[in-house]
Structures are given as structure tokens and as C-alpha cells.
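Notes for the structure review
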Amino acid sequence: MFGTAGNPDRFQAEGFKASKDMPLWLKGKGLDAYEYQCGKGVSVGEATARAIGEKAAQAGIVLSLHAPYFVNPANPDPDSQEKTAGYVLAACRVARWMGAGRVVIHTGALQKRTRADALATARESFKMLRRRCDDEGYGDILLCPETMGKINQLGDLEEVLALSVVTHGLLPCVDFGHLYARSLGALEGQEATARMLDRMAEVLGEEKARCFHSHFSMIEFTPKGGEARHLTFDQTDFGPDYRPLCRELARRGWSPTIICESAGTQDIDALTMKEEYLSQL
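Residues numbered from 1 in each chain as written. Predicted model: local features only at pLDDT ≥ 70, side-chain atom pairs only at ≥ 80, totals over all residues. Heavy atoms only, no water.

1. Observations concerning the environment of His213
Structurally, His213 is set in strand E7 (residues 213-216). A residue is classified by how much of its surface remains accessible, and His213, at 0% relative accessible area, is buried. Linking His213 and Glu136, residues 77 residues apart in sequence, is a C-alpha distance of 23 Å. A polar contact is formed between the side chain of His213 and the side chain of Glu35, at a distance of 2.7 Å. Reaching out from His213, the side chain makes a polar contact with the side chain of Arg102 at a distance of 3.3 Å. (Helix = DSSP H or I, 4+ residues; strand = E, 2+ residues; numbered from the N terminus. Buried < 20%, exposed > 50% of the residue type's maximum accessible area, 1.4 Å probe, protein only. Polar contact = N/O pair within 3.5 Å; in protein donor to acceptor, adjacent residues only side chain to side chain.)

Structure below.
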């Protein structure tokens, strides 16, 4: 499944304003997934969320939701942990109203700690988050720790895979643009893509790996920091190229949900990816 995050520029340029119209708009573009953004906070009301869910069900659009960007499961401070839990529970509440089955969660910043220490904290945090979500009745909503684009953030592929197996109900959100950026361009191309997917199957098992959650965009990076900004498929000074991923997924018969996060051309680039994937099946 291929889709977009948030409301792309073209959505408003074509006269649409209400988020509840996104599913029908995406269907008209030939797409089949939509990730609702709560990155700046969970502020959407129940009526709006349910309206989006109803429109999505009618249009055959699969929904996911992005939790606030500022959560930090790697922070050991008890107050921070409680705030992160509150944000994730609020995101799950909206996901329930919408009928979204997945909530994407940032993995956190290192905060001058070693990667091992930060990962250990995040592992316990995701166990806690899963338990709290289960207790609140959100056991069927998958929590998706995301690979991150900046070098000083927790969230390379190995770290996210380690988080995804600490307990039940977790599924990685593998952002291939982020991995490309934090590796300073090393994780790109057919061989690197195959190696990443092989590793996912090894750690998660084939059944779980084949339906992983994903973000994709081309990303400009800086040598010291990693991710700098998202680009469009027409801006080719940086990568990653989408074709190796589409071809490798088709060869394996995998069917993840891929949310395109290109800068302003999400719908166009998502459809480009979908057409490439289908052509390789």
C-alpha cells in the first residue's frame, strides 16, 4: 500500500481544505494509504477523527497516525516517561476514533548518553507503552518505533529492530530516507536495500517483516548531522533512489505500507513508487 502523510500542497491547491476529504482525494490519485499527522500535538477532535475514518473506510484507504514528534522514549527521567506515555495514549485514542491500526513513534534523542544506555531505556519504555496501551483497550493498535535521520538520535535500523521485538504489538517504521541520511548516503542501492530487508526478516521473522510500516523520501544530509531536509523525486543531488526498494519488495512478494514524505509532491511521488512496484510484480 502506498500513500501520503498529512495534507500535501496539491490537496489545498485543488480546492480541498477539510482533512476528512483526504481519503477520497487520495483514492482519486490512485493511492491507498494515509498517515494522519499529530506531530505537533494531539489536537484533533473526536467528530473530525471519526469523519476521516468513515471516509477512509468508504474509499478503501488504510489509515495510520503519527504520534507527536517530541516524545522521547530514550529519556530515563520519570516525568519525561510519563509525558511520553500520555502523548502515545492520546494518539491511540484518536487512532481508535479513526480506525487507524498503526501509531508511529519517534525513538528519542541520546542526550549525551551512550547509544547502549539510550537503547536500554527505550526498550523498557516501549514495554511500558505497550502495557499501558493494552490496559487502556488499544491492544489491537500496533506501535511503530521509527528509524531516525539525525546521527545524534536513537534509531538506526539495528536499534529499531531491537525495540520492535521487546514485546508483542510492535512493528518497525523503517524510514529509508532517514537511514540514507544518517549513514551519509551509504545505505542506498540494490545491495544495501536487499541487505536491510534480509536483516529485517532475520530479526522479525518473514511474516512480520513482509508487512512492515515505512516512510520514504529523498533527503539532503550534512556530514556532521545527518538529515537536513526532505526533497522531491525531481531533486536528484541526494537519494535514496526509490526503485531498488520497489523492485526488492516486489521480488520478495512483500506488501508493507509505504508513506511518501516528499517535500510538497507526496502524492505524485507515492504514485510513482506504486507504479514501479506494480510493474515489477
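2. A word on helix H10 (residues 243-252)
Buried residues dominate H10, accounting for seven of its 10 residues. Looking at the buried positions of H10, the neighbouring elements they touch are helix H7 (176-182), helix H8 (190-204), E7, strand E10 (257-260) and helix H11 (266-280). With its phi angle positive at about 75 degrees, Gly253 sits one or two positions after the end of H10. (Contact = heavy atoms within 4.5 Å.)

3. Things to note about the nonpolar core
The biggest cluster of nonpolar side chains holds 75 residues, and the ones touching the most others in it are Met98, Val103, Leu143, Met200 and Met273. Excluding its chain neighbours within four sequence positions, the residues that come into contact with Met273 are Phe2, Phe216, Phe233, Tyr242, Leu245, Cys246 and Ile258. (Core = buried A, V, L, I, M, F, W, Y, C linked by side-chain atoms within 4.5 Å.)

4. Digging into the side chain of Ser125
By the element assignment, Ser125 lies in helix H5 (residues 115-135). We classify Ser125 as buried; its relative accessible area is 1%. Side-chain polar atoms of Ser125 contact the side chain of Gln81, separated by 3.2 Å. Leave out the neighbours within four places in its chain, and Ser125 touches Pro73 and Gln81.

5. Quick look at the packing of H5 against helix H6 (residues 157-164)
Here H5 crosses H6 at 30 degrees, and the two axes come no closer than 9 Å. When the axis of H5 is compared with that of H6, the two are roughly parallel. Note that H5 runs across H6; the crossing there is right-handed. Two secondary-structure elements touch here, H5 through Arg115, Leu119, Ala122, Arg123 and Phe126 and H6 through Glu159, Ala162 and Leu163. (Axes fitted to C-alpha atoms, helices over the stretch in contact; angles between N-to-C directions. Parallel < 35°, antiparallel > 145°, perpendicular 65-115°, else oblique. Left-handed = near helix turned anticlockwise from the far one by under 90°.)

6. Brief notes about the pattern of salt bridges
Using the criterion set out here, one finds 16 salt bridges in the structure. Between Arg96 and Asp140 there is a salt bridge, and its shortest N-O distance comes to 2.8 Å. Placement of the pair is Arg96 in helix H4 (residues 78-98) and Asp140 in the loop between H5 and strand E5 (142-146), with a sequence separation of 44 residues. Where Arg247 meets Glu276, a salt bridge forms, and the shortest distance between an N and an O atom there is 3.2 Å. Residue Arg247 is located in helix H10, and its partner Glu276 is located in helix H11; the two are separated by 29 residues in the primary sequence. By relative accessible area, Glu276 is classed as buried at 14%. Among the charged side chains, a salt-bridge network with shared partners connects Asp198, Glu248, Arg251 and Arg252. (Salt bridge = Lys/Arg side-chain N within 4 Å of Asp/Glu carboxyl O.)

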